[in-house]
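An overview of the molecular structure
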Amino acid sequence: MPRYVKRKDSDTWHWCTNCSNYPTGLNVNVSYKKPTYGELCDECQAKEKEDRCTG
Ligand SMILES: [Zn+2]
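Residues numbered from 1 in each chain as written. Predicted model: local features only at pLDDT ≥ 70, side-chain atom pairs only at ≥ 80, totals over all residues. Heavy atoms only, no water.

1. Notes on the nonpolar core
- Counting 10 residues, the largest nonpolar core consists of Y4, V5, W13, W15, C16, C19, Y22, V28, C41 and C44.
- Leaving out residues up to four positions away in the same chain, V28 has contacts with V5, K6, R7, K8 and P23. (Core = buried A, V, L, I, M, F, W, Y, C linked by side-chain atoms within 4.5 Å. Buried < 20%, exposed > 50% of the residue type's maximum accessible area, 1.4 Å probe, protein only. Contact = heavy atoms within 4.5 Å.)

As structure tokens, this is what we get:
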């Protein structure tokens, strides 16, 4: 089950910890199911497609 994380000042959710834009620090929102608002990161989606997503 992926954990979705986004910066509070951004609308983009990430779920691959190896994404170059994966948010770090405390200023983040976390969702344990697919978010119903905001955007899904293109890079995370590409990694998932290529089976390179590190959760
Ligand atoms: Zn991402």
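2. Looking at the coordination of the zinc ion
- Within the protein, the zinc ion binds to H14 (ND1), C19 (SG), C41 (SG) and C44 (SG); these donor distances fall in the range 2.0 to 2.4 Å.
- Each of the 4 donor atoms around the zinc ion contributes to a set of angles spanning 98 to 120°, which defines the coordination as tetrahedral.
- Of note, the zinc ion draws all its donor residues from one chain, in the sequence arrangement H-x4-C-x21-C-x2-C. You can see C19 sitting in the loop between β2 (12-13) and β3 (28-31) and its partner C41 sitting in the loop between β4 (39-40) and α1 (42-49), a full 22 residues away along the chain.
- A relative accessible area of 5% means that C41 is categorised as buried. (Donors = N, O, S within 2.8 Å, 3.2 Å for Na, K, Ca; no water. Tetrahedral: all angles 85-135°; square planar, octahedral: opposite > 155°, others 65-115°. Helix = DSSP H or I, 4+ residues; strand = E, 2+ residues; numbered from the N terminus.)

3. Here's the deal with the environment of T24
- Looking at the element boundaries, T24 is found in the loop between β2 and β3.
- Overall, T24 belongs to the exposed group, its relative accessible area being 67%.
- Once the C-alpha coordinates of T24 and K6 are considered, the two residues, 18 residues apart in sequence, prove to be 9.0 Å apart.

4. Focus: the environment of C16
- Along the chain, C16 turns up in the loop between β2 and β3.
- Sequence separation of C16 and Q45 is 29 residues, and the distance between their C-alpha atoms is 8.7 Å.
- Beyond its immediate sequence surroundings of up to four residues, C16 is in contact with Y22, C44, K47, C53 and T54.

5. Section: the packing of aromatic side chains
- Summed over all chains, the structure comprises 2 aromatic pairs.
- Between the aromatic rings of Y4 and W15, the centroid separation amounts to 5.5 Å while the plane-to-plane angle is 50°, which identifies the pairing as tilted. Of this pair, Y4 sits in strand β1 (residues 4-7) while W15 sits in the loop between β2 and β3, placing them 11 residues apart in sequence.
- Of the residues examined, W15 reaches a relative accessible area of 5% and is grouped as buried.
- On the numbers, 5.6 Å between centres and 80° between planes, the contact of W13 with Y37 is edge-to-face. Of this pair, W13 sits in strand β2 while Y37 sits in the loop between β3 and β4; the two residues are 24 residues apart in sequence, bridging distant segments of the chain.
- Above the ring of W13, the side-chain terminus of K6 is found at 5.7 Å from the ring centroid. (Phe/Tyr/Trp six-rings, centres within 6.5 Å; stacked < 30°, edge-to-face > 60°. Lys NZ or Arg CZ within 6 Å of the ring centre and 35° of its normal.)

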